[in-house]
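The chain contents come next:
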Amino acid sequence: QVQLVESGGGLVQAGGSLRLSCAVSGSIISNNRMGWYRQAPGKQRELVAAVASGGTRNYAESGKGRFTISRDNAKNTVYLQMNSLKPEDTAVYYCNARRYGIYGVEYDYWGQGTQVTVSS
């Protein structure tokens, strides 16, 4: 059973930083595409950053230059370093593990989410 547990959210002033962590059990993160998503009230969940099993990273435009996704394979943990935070970054942040099966079928696993609130 795959489990993802996020931590590191909280309240921070605009311009501050937070580092989110996602500890994964039941699956090896280097075999998955790992991603961070966020969902603000009244909005759809959106991709923030992802790192493919081969190491390629991609970021949403909103986070480029400010957010960095990384993974520690030894700890089976994925991180999202967020700098220069803005009030519009306020959302619940979710960790995602995506495994690709045969015929391109995608299997998604989600954490419970961690709240990030940025005050102005």
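Parameters and conventions
- Residues numbered from 1 in each chain as written.
- Predicted model: local features only at pLDDT ≥ 70, side-chain atom pairs only at ≥ 80, totals over all residues.
- Heavy atoms only, no water.
- Patch = residues over 30% accessible without salt bridge, like charges linked within 9 Å, V, L, I, M, F, W, Y side chains within 5 Å.
- Areas by Shrake-Rupley, 256 points an atom, 1.4 Å probe, with all protein chains shown as cover.
- Salt bridge = Lys/Arg side-chain N within 4 Å of Asp/Glu carboxyl O.
- Buried < 20%, exposed > 50% of the residue type's maximum accessible area, 1.4 Å probe, protein only.
- Core = buried A, V, L, I, M, F, W, Y, C linked by side-chain atoms within 4.5 Å.
- Helix = DSSP H or I, 4+ residues; strand = E, 2+ residues; numbered from the N terminus.
- Pairing = 2+ DSSP bridges.
- Axes fitted to C-alpha atoms, helices over the stretch in contact; angles between N-to-C directions.
- Polar contact = N/O pair within 3.5 Å; in protein donor to acceptor, adjacent residues only side chain to side chain.
- Contact = heavy atoms within 4.5 Å.

Trainee: Please clarify how a nonpolar patch on the surface should be interpreted in this entry.
Mentor: A cluster of nonpolar side chains, Ile-102, Tyr-103, Val-105 and Tyr-107, forms an exposed patch at the surface whose accessible area comes to about 490 Å². Tyr-103 sits in the exposed class, given a relative accessible area of 79%.

Trainee: Would you take a moment to explain the nonpolar core for this structure?
Mentor: The tendency in soluble globular proteins is for nonpolar side chains to be buried as a group. With 24 residues, the main nonpolar core has Met-34, Trp-36, Leu-80, Met-82 and Tyr-93 as its most contacted residues. Where this core is concerned, the elements lending two or more residues are β3 (18–25), β4 (33–39), β5 (46–51), β7 (67–72), β8 (77–82), β9 (91–100) and β11 (114–119).

Trainee: Any chance you could explain the sheet that holds β8 here in plain terms?
Mentor: Sheets are built from strands paired through backbone hydrogen bonds, the pairs being either parallel or antiparallel. The strand order β1-β3-β8-β7 describes an open sheet built from four strands, whose pairing is antiparallel. Here the strands that pair on one side only, and so sit at the sheet edges, are β1 (3–7) and β7. For this sheet the average axis-to-axis angle between neighbouring strands, irrespective of direction, equals 15 degrees.

Trainee: Could you clarify how one ought to interpret the pairing of β5 in this entry?
Mentor: Residues in a regular strand project their side chains so that they alternate between the two faces of the sheet. Where β4 lies against β5, five bridges are found, and the strand directions are antiparallel. Of the residues in β5, the one forming a bridge with Met-34 is Val-51. The pairing of β5 with strand β6 (residues 57–59) spans three bridges and is classified as antiparallel. Pairing of Ala-50 across the sheet is with Asn-58, part of β6. Connecting β5 to the next strand, β6, in antiparallel fashion are five residues, including Gly-55 with a positive phi near 105 degrees.

Trainee: Help me understand the side chain of Asp-89 in this model?
Mentor: The topology assignment puts Asp-89 in the loop between β8 and β9. Assessed through its relative accessible area of 1%, Asp-89 is described here as buried. Engagement of the side chain of Asp-89 in a polar contact is seen with the backbone nitrogen of Lys-86, the distance being 2.8 Å. The contact partners of Asp-89, leaving out residues within four places of it in the chain, are Arg-38, Arg-66, Phe-67, Ser-84, Val-116 and Val-118.

Trainee: I keep staring at the pattern of salt bridges and nothing clicks. Help me out?
Mentor: Oppositely charged side chains are able to pair whenever their charged atoms sit close together. Enumeration over the complete set of coordinates arrives at six salt bridges. With its nearest N and O atoms 2.7 Å apart, the salt bridge here joins Arg-66 to Asp-89. Highlighted residues: Arg-66 in the loop between β6 and β7 and Asp-89 in the loop between β8 and β9, separated in sequence by 23 residues. Across the pair, Asp-89 and Arg-66 agree in class, each one buried.

In short, the description is geometric, and any link to function would need to be established separately.
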